[in-house]
Amino acid sequence: MRNTGQDGRLGTTPPVPGRPTTFFLGLLGLCALLFALVTWQVAADGPLRDADERLGPWITGSRLPDGAAEFLADLGGVSLAVPVLAVAIAYAAWRGHRAGTYRWWLAPLVAAVAMAAVPALVIPLKELFDRTGPPGMDGSGYYPSGHTATAMVAYGGAALLLLPYLRGTYARRELVIACALLNFGVGLGLVRRGYHWPLDVVASWCLFGIVLQVMVLVVARYGHRATEEDTRYGHRAT
């Protein structure tokens, strides 16, 4: 029988030992590769950057209403996104502590650290690459997008914290889809309003996709008790 929401776990644990590690490490590697490719193209003024700067004005001229685009972009702001994560952290900590979950504090703590990583990573990268903004935006330092990064960690982290407390595959799937659509909407709003180039957004999706996957792996590794079955199969939940 398949277990759901094991102590310290984020989501459903597949029945095959080792599979979560392989999947997440592969996804982490893909995000890292894409981030490296995008960053190289932006830094070297490569053909991908040229295509990016042609695509940006086309999206800016799309038919998405200004009000809707502005609302979506604002969802990546600290004042809106961080409180959502804070509520999810408080709820997950309360539920875990109430249930006596092993290391109930680990997932909320890792989520908080992931959010703290946003300015710690974004600000130095903005200064390093010093990319100019789209037409009409002053100054430089637009790569990668801070609003996209904030939304990625806040909404993605909240979804990961809440997944173990949802009953049924349907509810879990709908939460993941909603989180993905929300983050896509934030990125679209930022580009549509001319606040960022598309690659600024894509880079933040990749970089902080890595951060979220590290969050999952850390909680899976250190957030559950070792069992006799784990030892027998060599499954360390790493």
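Each chain has its residues counted from 1, following the order in which its sequence is written. Only residues with pLDDT of at least 70 get local features here, since the model is predicted, and only at 80 or more are side-chain atom pairs given and counted; chain-wide, interface and lining totals rely on the full set of residues. Processing note: side-chain calculations cover all non-hydrogen atoms of the structure and skip hydrogens and water entirely.

Notes on the overall build of the protein
Item 1. Within the protein, the regular secondary structure consists of 9 helices and 0 strands.
Item 2. Ordered by position from N to C terminus, the α and β elements of the protein give α-α-α-α-α-α-α-α-α.
Item 3. Here the protein holds 238 residues, and the buried ones make up 44% of them.
Item 4. In this analysis, two residues are considered to be in contact whenever any of their non-hydrogen atoms come within 4.5 Å of each other. Of the contacts formed within the protein by residues at least 6 apart in sequence, a portion of 76% connects residues at least 24 apart. Secondary structure elements follow DSSP: runs of H or I of four or more residues count as helices, runs of E of two or more count as strands, with numbering from the N terminus. Partly exposed describes any residue whose relative accessible area lies between the buried limit of under 20% and the exposed limit of over 50%, with all areas from a 1.4 Å probe on protein chains only and scaled to the type maximum.

Remarks on helix 2 (residues 47-60)
Since the α-helix packs 3.6 residues into each turn, any two residues three or four apart lie on the same face.
Item 1. Helix span, expected: 1.5 Å multiplied by one less than the number of residues in the helix. Taking 1.5 Å as the rise per residue, helix 2 with 14 residues should run 20 Å; its terminal C-alpha atoms sit 20 Å apart, in good agreement.
Item 2. When we look at burial in helix 2, the residues that qualify are R49, D52, G56 and I59. With its buried residues spanning 80° around the axis, helix 2 presents them on a single face. Facing away from the buried side of helix 2, by more than 90 degrees, are the exposed residues P47, R54 and W58. By arc we mean the arc of the directions from the helix axis to the C-beta atoms, nothing more.

A closer look at the nonpolar core
Item 1. Within the largest apolar cluster, 45 residues are counted, with the highest numbers of intra-cluster contacts made by F35, L85, V118, L161, F208 and M215.
Item 2. Counting residues per element, the ones that place at least two in this core are helix 1 (19-44), helix 3 (66-74), helix 4 (78-99), helix 5 (106-129), helix 6 (146-162), helix 7 (169-192) and helix 8 (198-222).
Item 3. Each residue touching V118, except ones within four places of it in the same chain, is listed here: G146, A149, T150, V153 and F208. Think of a nonpolar core as a cluster: buried Ala, Val, Leu, Ile, Met, Phe, Trp, Tyr and Cys residues, connected wherever their side-chain atoms sit within 4.5 Å.

A closer look at the packing of aromatic side chains
Item 1. Between the rings of Phe, Tyr and Trp (Trp by its six-membered ring), a pair exists once the centres lie within 6.5 Å; its type follows the angle of the planes, with under 30 degrees stacked, over 60 edge-to-face, and the other angles tilted. The full count for this structure, using the stated rule, is 4 aromatic pairs.
Item 2. Taking 6.0 Å as the distance between ring centres and 45° as the angle between the ring planes, the aromatic pair formed by Y91 and W94 counts as tilted. Here Y91 pairs with W94, and both are found in helix 4, just 3 residues apart, close to one helical turn.
Item 3. What makes Y91 partly exposed here is its relative accessible area of 31%.
Item 4. The class for W94 is partly exposed, based on a relative accessible area of 47%.
Item 5. Put simply, the rings of Y91, W94 and Y165 touch in pairs and so form one group of aromatic residues.

Structural notes on the pattern of salt bridges
Item 1. Each salt bridge in this description consists of a side-chain nitrogen of Lys or Arg and a carboxyl oxygen of Asp or Glu lying within 4 Å of one another. This structure, assessed with the given rule, holds 8 salt bridges.
Item 2. In this structure, R193 and E70 form a salt bridge, with 2.7 Å as the shortest nitrogen-oxygen distance. With R193 in the loop between helix 7 and helix 8 and E70 in helix 3, this residue pair connects regions lying 123 residues apart in the sequence.
Item 3. Judged by its relative accessible area of 29%, R193 is partly exposed.
Item 4. Each of D45, R49, D52, E53, R131 and D200 takes part in a single network of salt bridges with overlapping partners.

Comments concerning the packing of helix 2 against helix 7
Item 1. Viewed as axis vectors pointing N to C, helix 2 and helix 7 meet at an angle of 95°, and their least axial separation amounts to 8 Å. As judged from the angle between their axes, helix 2 and helix 7 are roughly perpendicular. Taking contact as the criterion, the partners of G56, I59 and T60 in helix 2 are, on helix 7, L188, V191 and R192.
Item 2. Only Asp, Glu, Lys and Arg are considered charged, only Ala, Val, Leu, Ile, Met, Phe, Trp, Tyr, Cys and Pro nonpolar, and every remaining residue, Gly among them, polar. Tallied by class, residues from the contact of helix 2 with helix 7 come to 3 nonpolar, 2 polar and 1 charged. Whenever a helix is involved, its axis is fitted only over the stretch in contact; in every case the axis is a line through C-alpha atoms, and angles between N-to-C directions fall within 0 to 180 degrees. An angle below 35 degrees is read as roughly parallel, one above 145 as roughly antiparallel, one from 65 to 115 as roughly perpendicular, and any other as oblique.

So, the packing of helix 5 against helix 8
Item 1. Where helix 5 contacts helix 8, the axes come no closer than 10 Å and their chain directions differ by 150°. Between helix 5 and helix 8, the angle falls in the class roughly antiparallel. Both helix 5 and helix 8 take part in a crossing whose hand is right-handed. Contacts between helix 5 and helix 8 pair L106, A107, V110, A111, A114, A117, V118, L121, V122 and L125 from the former with L207, F208, V211, M215, V218, V219 and Y222 from the latter. In this scheme, a crossing is called left-handed if the near helix is turned counterclockwise away from the far one by less than a right angle; it is called right-handed if the turn is clockwise.

Describing helix 3
Item 1. Taken together, the buried positions of helix 3 are occupied by A69, L72 and A73. Buried residues in helix 3, looked at end-on, bunch into an arc of 100°, giving them a common side. Away from the buried face of helix 3 by more than 90 degrees, exposed residues G67 and F71 are located.
Item 2. On its buried face, helix 3 sits against helix 6 and helix 7.

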